[in-house]
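A look at the structure
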Amino acid sequence: MDENKTFNAPQEEEEGGIDIIALIRSLWDGRKTVIIVTAVFMVLGLVAALTMKRTYTVSSTMVPQMSSRSNSSLGSLAALAGVDLGMNTTTADLSPLIYPQIVSSVPFRKELLYTPLHYAKADTAVSMFTYQKEYVKPTAISYVLKYTIGLPGEIMGALRKPAPDLVMPGGAASDSIPRPILLTKDEEKYIKAIAQNVSLAVDKKEGYLTLTVTGSEPIQTAELAMKAQQLLQQEITRFRTEKAEDNLRYIQARYDEIKAEAEACQSELARVRDRSQQMTTSRSRIEQERIQARYNVSSSIYAEMAKQLEQAKMQVKKDTPILTVIQPVTVPAKPSNSRAKTLVVWTFLGFVLGCGIVIGKGYLPKLKEMLSGKKKDQ
């Protein structure tokens, strides 16, 4: 009795498992289908590899260096490293966690859109906006996609009345009257493309920034990465030094006023002294003393304002943040996307799909039989 149990156990286990030999046999019998599907996908992969645009990627690693003048700066660095020190960070210091929002802002992208870059097709440096408008021509595959998959959208666009570009009323904007940013349709389209090509990642654990830029040409991509790096430094500096620069401008204006007043008093005092040498009277002596007292006050205020002016200049330099570049921008030697890899991926997908079709045909009758048996039992 025990021998029968031990003998039947492997048979039941074999029946419940997957018959590898039968699976291989079914794949061999359906090898024609596998070869045809793989060949079709190989051709599609070849077309995709030959028509795809070469892209180049540039990465730059930076570390934000902040002044240690306030607890908020220390708290920002601690937050970047994932540590909460419990400090009040509601001051004007800018946390590095906000830097990606600066890169993704519309003014930042618009500045990059109109930055002159060197392209192979252009004799001189042109902006991405000009290059896309005047130098980029539609390819054959884009025409095919436009009038096949995108044909319904083209028809709907032709039926709809094109909306004109908006114009801000009131003429040109001035510094005293801020106005919202108004983009044209072309600018909006190209800015969306920049959003996919320029990105900034923050490593909270290690505390460094990684700027990644993708472009169509190696030199153009490197120049775009350099401009993005410089523009990020400018925006961070503008935000952090804005209060200190306002204070510097106020002290500079007051310093100029006191300086002019002290020089005027000095000139008037010299004129009174020259005149008092010829005639010595009580009136001239009192006038000289009065002007001397006024000059002394102006001179002391002038000296104090000179000290405050130097302190304000030092404060601006102290508040200026620095992005220490660990990995500089380098012109890429090879494209980031590979045509051979694209062909291999398409071929592999075709092989897997072909095998799935063959195996599915073998298991489809069994699946129908199982479903029909369940219906009969119900």
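Data block above holds the structure.
Residues numbered from 1 in each chain as written. Predicted model: local features only at pLDDT ≥ 70, side-chain atom pairs only at ≥ 80, totals over all residues. Heavy atoms only, no water.

Here we look at the nonpolar core
As a reminder of what qualifies: Among buried residues, those of type Ala, Val, Leu, Ile, Met, Phe, Trp, Tyr and Cys that are joined through side-chain atoms within 4.5 Å constitute a nonpolar core. Residue burial is assigned from relative accessible area. The probe radius is 1.4 Å, only protein chains are included, and a residue is buried under 20% of its type maximum, exposed over 50%, and partly exposed in between. Each helix is a run of DSSP H or I of at least 4 residues and each strand a run of E of at least 2, with the numbering of both proceeding from the N terminus. Contact criterion: two residues are considered in contact whenever any of their non-hydrogen atoms come within 4.5 Å of each other.
With 33 residues, the main nonpolar core has Tyr99, Phe108, Leu112, Met128, Val198, Leu200 and Leu232 as its most contacted residues. Among the elements of the structure, strand E1 (56-65), helix H5 (99-103), helix H6 (106-113), helix H7 (128-134), helix H10 (185-197), strand E2 (198-203), strand E3 (208-215) and helix H11 (218-276) are those that each provide at least two residues to this core. Filtering out sequence-adjacent residues up to four positions away, Leu112 remains in contact with Met128, Ile194, Val198, Leu224, Lys227, Ala228 and Leu231. Judged by nonpolar contacts, the second largest core, of nine residues, contains Leu248, Tyr255, Ile258 and Met305.

Observations regarding the pattern of salt bridges
A side chain with one charge may pair with a side chain of the opposite charge, provided their charged atoms come close. Basically, it comes down to this: Salt bridges are defined by distance alone: a side-chain nitrogen of Lys or Arg within 4 Å of a carboxyl oxygen of Asp or Glu.
Inspection of every chain in the model, using the stated rule, returns four salt bridges. Glu111 serves as the salt-bridge partner of Lys227, at 4.0 Å between the closest nitrogen and oxygen. Of this pair, Lys227 sits in helix H11 while Glu111 sits in helix H6, and the two are 116 residues apart along the sequence. Glu111 gets classed as partly exposed once you look at its relative accessible area, which sits at 39%. Glu235 serves as the salt-bridge partner of Arg238, at 3.0 Å between the closest nitrogen and oxygen. On the criterion of helical spacing, the pair formed by Arg238 and Glu235 is a turn pair, its members being three residues apart in helix H11.

So, helix H3 (residues 31-51)
Quick reminder of the rule: By this rule the span expected of a helix is its residue count minus one, scaled by 1.5 Å. The reported arc concerns the directions from the helix axis to the C-beta atoms and nothing else.
Helix length check: H3, at 21 residues, gives a terminal C-alpha distance of 30 Å against a target of 30 Å (1.5 Å per residue), a fit within 8%. What H3 keeps buried is the set Val34, Val37, Thr38, Phe41, Gly45 and Ala49. All buried residues of H3 fall inside an arc of 110° around its axis, so they share one side. Opposite the packed face of H3, turned more than 90 degrees from it, sit the exposed residues Lys32, Ile35, Val43 and Leu50.

Focus on the pairing of E3
To keep it simple, the criterion reads: When DSSP finds two or more bridges between a pair of strands, those strands are recorded as paired.
Residues Leu209, Leu211, Val213 and Gly215 point to one face of E3 and are all buried, whereas Tyr208, Thr210, Thr212 and Thr214, pointing to the other face, are not buried. Bridge count between E1 and E3: seven bridges; the pairing is antiparallel. Bridge pairing in E3 places Tyr56 opposite Gly215. Examined bridge by bridge, E2 and E3 share six bridges and lie antiparallel to one another. Its bridge partner lying in E3, Val198 is registered against Val213. The antiparallel hairpin formed by E2 and E3 contains four residues in its connecting segment, where Gly207 sits at a positive phi of about 85°.

Looking at the packing of aromatic side chains
Filter applied, for reference: Here is the rule: rings of Phe, Tyr and Trp (six-membered ring for Trp) pair when centre to centre is within 6.5 Å. Planes less than 30 degrees apart are stacked, more than 60 are edge-to-face, and the remainder are tilted.
With the rule as written, the count across this model stands at six aromatic pairs. Geometrically, the ring pair formed by Phe129 and Tyr190 is edge-to-face, given 5.6 Å between the ring centres and 75° between the ring planes. In this pair, Phe129 is assigned in helix H7 and Tyr190 in helix H10, connecting sequence segments 61 residues apart. The exposure class of Phe129 is buried, given its relative accessible area of 17%. By relative accessible area, which is 11% here, Tyr190 ends up buried. In textbook terms, an aromatic cluster arises when at least three aromatic residues are bridged by ring pairs, as seen for Tyr114, Phe129 and Tyr190.

Description of the environment of His118
Formally: Identification of polar contacts relies on pairs of N or O atoms within 3.5 Å, with a donor-acceptor requirement for protein atoms, meaning one able to donate a hydrogen and the other able to accept it, and with residues adjacent in sequence counted only if both atoms are side-chain atoms.
Topologically, His118 is positioned in the loop between H6 and H7. Here the alpha-carbon distance between His118 and Glu217, two residues 99 residues apart in the chain, equals 9.1 Å. Ignoring any residue separated from it by four or fewer positions in sequence, one finds His118 in contact with Ala125, Glu217, Ile219, Gln220 and Glu223. Separated by 2.7 Å, the side chains of His118 and Glu223 make a polar contact.

Let's talk about the packing of H6 against H10
Using the following cut-off: Geometry is summarised by axes, namely lines fitted to C-alpha atoms with helices restricted to the contacting stretch, and by angles between N-to-C directions that run from 0 to 180 degrees. What sets the label is the angle itself: under 35 degrees gives roughly parallel, over 145 gives roughly antiparallel, 65 to 115 gives roughly perpendicular, and the rest give oblique. Three classes are used: nonpolar for Ala, Val, Leu, Ile, Met, Phe, Trp, Tyr, Cys and Pro, charged for Asp, Glu, Lys and Arg, and polar for all others, with Gly counted as polar.
Closest axis-to-axis distance for the H6/H10 pair is 10 Å, and the angle between their directions is 100°. Considering their axes alone, H6 and H10 lie roughly perpendicular with respect to each other. In this structure, H6 contributes Val106, Arg109, Lys110, Leu112 and Leu113 to the contact, and H10 contributes Glu187, Tyr190, Ile191, Ile194 and Ala195. When grouped by side-chain class, the residues that make up the contact of H6 with H10 number seven nonpolar, no polar and three charged.

Some remarks on a nonpolar patch on the surface
Which entries qualify depends on this criterion: Note on patches: the residues involved have over 30% relative accessible area and no salt bridge, like charges join within 9 Å, and the nonpolar side chains Val, Leu, Ile, Met, Phe, Trp and Tyr join within 5 Å. Shrake-Rupley sampling with a 1.4 Å probe provides the accessible areas, and residues are treated as covered by the protein chains on show and by no other component.
A contiguous nonpolar surface patch, about 460 Å² in accessible area, is contributed by Val345, Phe348, Leu349, Phe351 and Val352. The exposure class assigned to Val352 is partly exposed, which follows from its relative accessible area of 41%.

Section: the sheet that holds E1
Note on sheets: strands pair through backbone hydrogen bonds, and any given pair is parallel or antiparallel. On the basis of which strands lie adjacent, the open sheet formed by four strands has the order E2-E3-E1-E4 and antiparallel pairing. What marks the edges here is a single partner per strand, and that holds for E2 and strand E4 (322-327). Direction aside, neighbouring strands of the sheet carry axes that sit 30° apart on average. Each of E2 and E3 is contacted by H10, which is oriented at about 35° to E2, the strand it contacts most.

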